[in-house]
Amino acid sequence: MSDAHEPLPPVPHFYPEGCFFKSLDDIRDKKVVVMGLGLNGGGEASVRFLLNHGAYVIATDMKSESDLQTTVDSLNNDTSLDKSRLTYRLGEHRIEDFEEADCVIKNPGVKYDGNKYLAAAKAIETDISLFLAFSKAPIIAVTGSKGKSSTVSAIYYGLKQSGFSAFLGGNITVSPLTFLEQTDSTTPVVLELSSWQLADLRGRKLLKPKVSIITKIIPDHQNFYHSMLAYVNDKKLIYADQSKKDFAIFDFDSDPAADGGTLIDNWGDIFAKECKATILRYSKKPLPEGTLGVWQDKKGTGFARLSTKILDTLPQDYEKTTETILKDLIVPGKHMRANVLNAALVLRIMGVSPERIIEVLGRWNGIEHRLEFFHECKIGGTTYRFYNDSAATVPEAAAEATQAFGKPVIFLTGGTDKGLDLSPIANGICDNGKNIVPRAVYLLSGSASDKMIGDFDAKKIAYNGPFNSLEELLSALKADLQKSESSEKVQVIVFSPGATSFGMFKNEFDRGNQFKANVKKFFG
């Protein structure tokens, strides 16, 4: 029986079908509140879009103007905007603004459940709902717990390199409103969608992707959801309005880490049973005969099996239904290879030849903050290579980062807890005869690090710290490296927190940027 005081999951909110604005022209002279100006671009993009279409805009945020100075300055310094139609309401929300507005543009991080301001709104939209309502572009939508950003970035890179006029937006910090009016039915748009962004689309029937992908599902954001089922139910919205002419790509492999207290270790099977689209699966091992999708062999070579019905719709001739579509990659890690293999499958669906896919994705060098190589220095006879994996905000991703290089790494980790079981990190680096054990572990202080310490102590994993800042951590690391007598020519140092960044940093991107700047300062 659950604890009577245990927090309840948020109550799902269903929005009216369609969009409040019936056309782009309908935005003119409407009173619109943008709730959450923020620093990641979404709020700013909404303000710009609405002003450019003639709305009267109130930009409101609980953060102060000084906290939001970068965004405020960006808007104020743009002479193309009619700022007579823009009002800032910073450091507070006023209920009358929400009551009097024709429409509120909601930030995805704001919970609807129990929010008096949103309850007062006549209509609520988001930058994603506005984009979907007014763009005719074919949508490739990606969600999941880990691997989303790498997958969308590889897809976008592959499309651009294959001659498509493609766009990338969503949770990857680029609002699709910034490129809405450049899209049409020939310009594929790749959207990374968080569970919160999907929840804001419930009931609207606006998201009908040509291709949907759900990457690996594991417990995440449980400090918000307090329920694995509630979290997954929001993820399911990515395929809710797809039809048989569309494609949905789901995991084939079972994974005990997916459980989250549900006794379900294969969410892909559940998604496949519910979804109305044409189902494709991905796996780390050969798929059974008759199952369409992609898999890897023991060497990491990627194969695709598609039906003749699907292949008949593609522009190239084909000789067989099973094709090699992925070989050598620049980016490290088995988990990264799985993400790129899904990107290869999307490219194949979009009509790119297997030979071209192998060539193009073989040149992709990854993305910022995800096992991003950015600096190296020499101390003694050893070259140290630094990798920034700050976007690893779940423990499983951090554990995988330690194994991605095929040799022991110096592992920098830790941060703020978000209600997750952090034992996968200790389980992934302990000396059990299977893991590649890190050379050393350095902990950044935080509530997640406090939990990690208990796990590390139980498994007799040595660690340094926790340190109260990046500067303190890197200073200690540098002193240790200068004292060491390594005979190895190249060593890897990877910063993969496995936790959120709240308190010490604005977000995981700020954390990654600060890490890179400090590494170059200490190890320049």
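Above this text sits the structure in question.
(A) Broad picture of the overall build of the protein. Check the secondary structure of the protein and you find 18 helices and 20 strands. Rg of the C-alpha trace for the protein: 24 Å, near the compact-globule value of 24 Å for 524 residues, within the 12% margin. With the C-alpha coordinates aligned to their principal axes, the bounding extent of the protein is approximately 70 × 60 × 55 Å. Among the 524 residues that make up the protein, the fraction classed as buried is 57%.

(B) A look at unusual backbone geometry. Here the residue pair Gly465 and Pro466 is connected by a cis peptide bond, since its omega of 10° sits within 30 degrees of zero. Looking at where Pro466 falls in the secondary structure, it is placed in strand β19 (residues 464-467). A positive phi angle, close to 65°, is found at Asp29, a residue other than glycine. Structurally, Asp29 is set in the segment before β1 (31-35). Judged by its relative accessible area of 44%, Asp29 is partly exposed. Although it is not a glycine, Leu371 adopts a positive phi angle of roughly 45°. Note on placement: Leu371 falls in the loop between α13 (354-361) and β15 (372-379).

(C) The sheet that holds strand β16 (residues 382-388), seen in detail. Taken in spatial order, the six strands of this open sheet run β15-β16-β20-β17-β18-β19, and their pairing is mixed. The sheet is open, and its two edges are formed by β15 and β19, each paired on a single side. Direction aside, neighbouring strands of the sheet carry axes that sit 15° apart on average. Summarising the sheet, strand β18 (residues 440-444) and β19 pair through two bridges and their orientation is parallel. Residue pairing for β19: Tyr442 is matched across the bridge by Asn464.

(D) Representation of the side chain of Thr500 within the structure. Take Thr500: it is sitting in the loop between β20 (490-495) and α18 (508-523). Thr500 gets classed as buried once you look at its relative accessible area, which sits at 9%. Among the polar contacts made by the side chain of Thr500, one reaches the main-chain carbonyl oxygen of Thr416 at a distance of 2.9 Å. In this view, Thr500 contacts Thr393, Gly415, Thr416, Asp417, Lys418 and Arg511; residues no more than four positions away in its chain are not counted.

(E) Region of interest: helix α1 (residues 42-52). Across the eleven residues that make up α1, a large majority, eight, are buried. For α1, every residue scored as buried is listed here: Gly43, Glu44, Ala45, Ser46, Val47, Phe49, Leu50 and Leu51. Tucked inside the fold, the buried residues of α1 contact β1, β2 (56-61), α2 (69-76), β3 (86-90), β4 (103-106) and α5 (127-134). Positive backbone phi, approximately 85°, marks Gly54, located one or two places after α1.

(F) Examining the environment of Arg305 more closely. Here Arg305 shows up in strand β13 (residues 302-305). In this structure the C-alpha to C-alpha distance between Arg305 and Ile325, which are 20 residues apart in sequence, comes to 10.0 Å. Apart from residues no more than four positions distant in its own chain, Arg305 is found in contact with Leu287, Pro288, Glu289, Gly290, Thr291, Leu292, Gly293, Trp295, Thr321 and Thr322. From its side chain, Arg305 meets the backbone oxygen of Pro288 in a polar contact 2.9 Å long.

Rules and cut-offs
Residues numbered from 1 in each chain as written. Predicted model: local features only at pLDDT ≥ 70, side-chain atom pairs only at ≥ 80, totals over all residues. Heavy atoms only, no water. Helix = DSSP H or I, 4+ residues; strand = E, 2+ residues; numbered from the N terminus. Rg over C-alpha atoms; globule rule 2.2 N^0.38 Å. Buried < 20%, exposed > 50% of the residue type's maximum accessible area, 1.4 Å probe, protein only. Pairing = 2+ DSSP bridges. Axes fitted to C-alpha atoms, helices over the stretch in contact; angles between N-to-C directions. Polar contact = N/O pair within 3.5 Å; in protein donor to acceptor, adjacent residues only side chain to side chain. Contact = heavy atoms within 4.5 Å.

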